[in-house]
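# Summary of structural features
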Amino acid sequence: MIALENVRKVYRTKRGEVPALDGVSFSVAAGEFLTVRGPSGCGKSTLLLTIGGMVRPTQGTVTVDGKDVYALSAAQRAAFRADNIGFVFQMFHLVPYLTVLENVLLPTAAGGGSAGEAEALALLERFRMTDRAHHKPAELSTGERQRAALARALLRRPGLLLADEPTGNLDPENAAEVMSYFTEYHHEGGTVVLVTHEQAAADHAHRTVTIRGGKLAQ
Ligand SMILES: Nc1ncnc2c1ncn2[C@@H]1O[C@H](COP(=O)(O)OP(=O)(O)OP(=O)(O)O)[C@@H](O)[C@H]1O
Ligand SMILES: [Mg+2]
């Protein structure tokens, strides 16, 4: 499902170059549940964004579902991402002036496709959010925000779900609920790459990789 070959990323900033990934190679099989761990600043988010087609590596190749992600044009990459990849962030990244339902429907606005309101409402029901569908994100609890973000990520039924510390801002009870939806998605055949510091979340995984200083640790 995913293959990274010698991926390097150096962020170029006004204050100079910041190395983030230093020659990372590994692959993830379809249907696998992988967690990524490592100290703050080691490159976990950069790695995930690179897999998700959002951060172009300085060197190396990223293949997802047989596609060389950065050989695609920007428009092709956006369409590929909308069709194949769901992304969940630690800070939810919901659009504040849209309702929950409108947020969940955003991927259809961006990428087209057939999933619509009925599917969005079904996902919200599954995540116990039906009575919040017409609320704005600011009116939600943090657990509800992350469940809305997860519904948005799953709307187009992606084969791959990437999540960057999705339970980092949640209390243990809400974290466990969100993790149970990841496990469900995985049992239905989805591939998961999850960045997490939390052992409870990592326990769901098949395999864990650790990053240190932009490299895979052994
Ligand atoms: N947009 C950016 N511009 C410049 N440097 C960046 C940028 N994003 C990340 N970095 C730097 O790249 C390195 C890796 O950052 P990254 O966010 O991938 O780490 P992380 O492992 O996700 O950390 P955390 O656990 O704190 O989220 C860090 O040194 C960081 O300061
Ligand atoms: Mg991070």
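Before reading on, note that the structure itself is shown above.
Let me sum up the structure you'll find in this document. These numbers were taken from a predicted model, which means no experiment stands behind them. (Residues numbered from 1 in each chain as written. Chains lettered and ligands numbered in written order. Predicted model: local features only at pLDDT ≥ 70, side-chain atom pairs only at ≥ 80, totals over all residues. Heavy atoms only, no water.)

The strand order across the open sheet built from 6 strands is β6-β7-β8-β3-β9-β10, with neighbouring strands paired in mixed fashion. Looking at strand neighbours, the two that pair on one side only are β6 (85-88) and β10 (215-217), the edges of this open sheet. In this sheet, neighbouring strand axes are inclined to one another by 25° on average, regardless of whether the strands run parallel or antiparallel. In this sheet, strand β9 (residues 207-212) lies alongside strand β3 (residues 33-37) in parallel orientation, the contact comprising 4 bridges. Residue pairing across strands places Arg37 opposite Thr210, the latter belonging to β9. Lying over the sheet, helix α1 (residues 44-51) contacts β3, β6, β7 (160-164), β8 (191-195) and β9, oriented at roughly 155° with respect to β7. (Pairing = 2+ DSSP bridges. Helix = DSSP H or I, 4+ residues; strand = E, 2+ residues; numbered from the N terminus. Axes fitted to C-alpha atoms, helices over the stretch in contact; angles between N-to-C directions. Contact = heavy atoms within 4.5 Å.)

For the rest of this paragraph, the subject is the site of ligand 1. Every one of the 14 residues lining ligand 1 counts as a neighbour, but Ser40, Gly41, Lys44, Ser45 and Thr46 are closest to it. Gly41 places a main-chain nitrogen or oxygen 2.8 Å from an oxygen atom of ligand 1. Within the side chain of Ser45, one N or O atom sits 2.8 Å away from an oxygen atom of ligand 1. Against a free-state accessible area of 640 Å², the protein chains account for coverage of 62% of ligand 1. If one sorts the elements of the shell around ligand 1 by residue count, α1 sits on top with 3 residues. Class assignment for the residues of the shell around ligand 1 results in 5 nonpolar, 7 polar and 2 charged. (Near = heavy atom within 4 Å. Polar contact = N/O pair within 3.5 Å; in protein donor to acceptor, adjacent residues only side chain to side chain. Areas by Shrake-Rupley, 256 points an atom, 1.4 Å probe, with all protein chains shown as cover. Nonpolar A, V, L, I, M, F, W, Y, C, P; charged D, E, K, R; others polar.)

Glancing now at the sheet that holds strand β4 (residues 59-64). Strand order in the open sheet made by the 4 strands is β2-β1-β4-β5, with antiparallel pairing throughout. Here the strands that pair on one side only, and so sit at the sheet edges, are β2 (16-28) and β5 (67-68).

Attention now moves to unusual backbone geometry. Here Phe92, not a glycine, exhibits a phi torsion of approximately 70°, which is positive. Here Phe92 is to be found in the loop between β6 and α3 (100-104). Residue class for Phe92 comes out buried when judged on its relative accessible area of 8%. Even without being a glycine, Arg157 presents a positive backbone phi close to 50°. The class for Arg157 is exposed, based on a relative accessible area of 64%. (Buried < 20%, exposed > 50% of the residue type's maximum accessible area, 1.4 Å probe, protein only.)

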